[in-house]
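# Survey of secondary and tertiary structure
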Amino acid sequence: MACLFFRVCALLLRKPTLWFTLSVVQAFDHKHHLKSHLKKRDMPGVALVTGSNKGIGFAIVKALCKQFNGEVFLSARDVGRGTAAVESLKAEGLNLLFQQLDINDHSSVCAARDFFQQEYGGLDVLVNNAGIAFKMADTTPFGTQAEVTIQTNFFATRDMCNEFLPIIKPGGRVVNVSSGMGSVALGRCSPTLQARFRSNDITEEELVSLMQSFVEEAQAGSHAQGGWPNTAYGVSKTGLTVLSRIQARQLSQERPGDQIMLNACCPGWVRTDMAGPNATKSPDEGAVTPTYLALLPAGATQPHGEFLSEMTIQPW
């Protein structure tokens, strides 16, 4: 070892340019590392709400603009509608940004993920609000309703989580906007299905298989015989709530020290295009529980992996 040291010293004395080059490289590496560290340290907090150009999502964005210490992104499939929504909130004196995002388009989801990773080092708050529901009077065949509803409310939201959960920063908050109709649908399932949906050991793979089975049986007209209720929306939200419980469990196991909290919630019966004008809550009132979960204080340990309504944990 000593011989090697003296050989290196002799080489540097004979070739001082090598010494200079090494010094420059080391200085550059140190400066680059320091710049990168400072950039990450100085990155502002950032929140994203999916499907937020109108309705409950729009109200959540508005509430976060007033209460969240960081930058808030409104997102929508349609750029025109999304930017119009942003401008309407800016007219109220609020500061926010826009991100095009279609949760049913995997390339759009990945592009958004890459943007937040590169520009902000990840996300602090993710609110998965985007969803759909067929009207009660809609004559679309139930099998088609099941396929379309489960695809958006369950599978597309799952895709969002699979891509975004790895970039949620320590101390982050994830909120999946589910529905009390998921609990109602659960109660109408067969005892066998209820047992699986309520179990603490159900896996994501098993849940995916159950959601696929519901769609297939609905398309075949045999879902009732399979123990399923006659509500595609309700089943999609049952699936989303169970997915949230699974994801929270996985976060606790895989990132135990990061204190990330993930929950599902019901905003209530809210006057939106989806629920209609007779609902009992305004969008701002519907945004209360999702916003509460998005802003759980640093150091909090509960709720996590729960389903909440009116800011209160509900039995599952």
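Conventions we followed
Residues numbered from 1 in each chain as written. Predicted model: local features only at pLDDT ≥ 70, side-chain atom pairs only at ≥ 80, totals over all residues. Heavy atoms only, no water. Helix = DSSP H or I, 4+ residues; strand = E, 2+ residues; numbered from the N terminus. Contact = heavy atoms within 4.5 Å. Areas by Shrake-Rupley, 256 points an atom, 1.4 Å probe, with all protein chains shown as cover. Buried < 20%, exposed > 50% of the residue type's maximum accessible area, 1.4 Å probe, protein only. Pairing = 2+ DSSP bridges. Right-handed = clockwise from strand over helix to strand, strands pointing away. pLDDT = per-residue confidence, 0-100. Patch = residues over 30% accessible without salt bridge, like charges linked within 9 Å, V, L, I, M, F, W, Y side chains within 5 Å. Salt bridge = Lys/Arg side-chain N within 4 Å of Asp/Glu carboxyl O. Core = buried A, V, L, I, M, F, W, Y, C linked by side-chain atoms within 4.5 Å. Axes fitted to C-alpha atoms, helices over the stretch in contact; angles between N-to-C directions. Polar contact = N/O pair within 3.5 Å; in protein donor to acceptor, adjacent residues only side chain to side chain.

For the rest of this paragraph, the subject is the overall build of the protein chain. In terms of helices and strands, the protein chain carries twelve helices and eight strands. Taking contacts inside the protein chain between residues at least 6 apart in sequence as the whole, the part at least 24 apart equals 71%. Carbon together with sulfur atoms contributes 56% to the accessible area of the protein chain, which is approximately 16,100 Å² in total.

Turning our attention to the pairing of strand S4 (residues 123-128). With respect to burial, S4 is a largely interior element, six of its six residues being buried. Relative to S4, strand S1 (residues 46-49) runs parallel, the two sharing three bridges. Each residue of the ladder has a partner; that of Ala47, found in S4, is Val125. Of the pairings in the sheet, the one linking S4 to strand S5 (residues 168-177) comprises five bridges and is parallel in character. Residue pairing across strands places Val125 opposite Arg173, the latter belonging to S5. In this fold, the crossover linking S4 to S5 by way of helix H6 (residues 142-164) has right-handed handedness.

Should the pLDDT be low somewhere, the predicted coordinates at that spot are not to be read in detail. Averaged over the protein chain, the pLDDT score is 89; the fraction of residues at 70 or greater is 84%. Across residues 1-6, confidence stays below pLDDT 50; counting only partners more than four residues off in sequence or on other chains, it has zero contacts. Across residues 15-41, confidence stays below pLDDT 50; counting only partners more than four residues off in sequence or on other chains, it has five contacts.

There is a patch of nonpolar side chains on the surface, built from Val288, Tyr292 and Met311 and spanning about 240 Å² of accessible area. Considering the arrangement of structural elements, one finds Val288 in helix H12 (residues 288-294). Taking the relative accessible area as the measure of exposure, Val288 reaches 40% and is therefore partly exposed.

Our next topic: the environment of Val49. Note on placement: Val49 falls in strand S1. Here Val49 falls in the buried class, since its relative accessible area comes to 0%. Taking C-alpha positions, Val49 is 9.6 Å from Gln99, a pair spaced 50 residues apart along the chain. Ignoring any residue separated from it by four or fewer positions in sequence, one finds Val49 in contact with Gly57, Ile60, Val61, Leu64, Phe73, Leu74, Ser75, Val127 and Asn129.

What follows deals with the nonpolar core. With 29 residues, the main nonpolar core has Ile60, Val61, Leu64, Leu74, Leu89, Leu96 and Val127 as its most contacted residues. Broken down by secondary-structure element, the contributors of at least two residues to this core are S1, helix H3 (55-67), strand S2 (71-76), helix H4 (79-90), S4, S5, strand S6 (261-266) and H12. Excluding residues that lie within four positions of it along the chain, Ile60 makes contacts with Val49, Val127, Asn129, Ala287, Pro290 and Thr291.

Moving on: the sheet that holds strand S7 (residues 307-309). The strand order across the open sheet formed by eight strands is S3-S2-S1-S4-S5-S6-S7-S8, and the pairing between neighbours is mixed. On the outer flanks of this sheet lie strand S3 (97-100) and strand S8 (312-313), each paired with one strand and no other. Pairing geometry for S6 and S7, over three bridges, is parallel. Within S7, the position partnered with Cys266 by the bridge is Ser309. Across the sheet, H4 is in contact with S2 and S3; its angle to S3 comes to roughly 165°.

Moving on to the environment of Ser236. Turning to its location among the elements, Ser236 is positioned in helix H10 (residues 232-254). When the C-alpha atoms of Ser236 and Ile132 are compared, they prove to be 9.9 Å apart, with 104 residues separating the residues in sequence. When near neighbours in sequence (up to four residues on either side) are disregarded, Ser236 contacts Thr149, Ile150, Asn153 and Phe154. At 3.1 Å, the side chain of Ser236 forms a polar contact with the side chain of Asn153.

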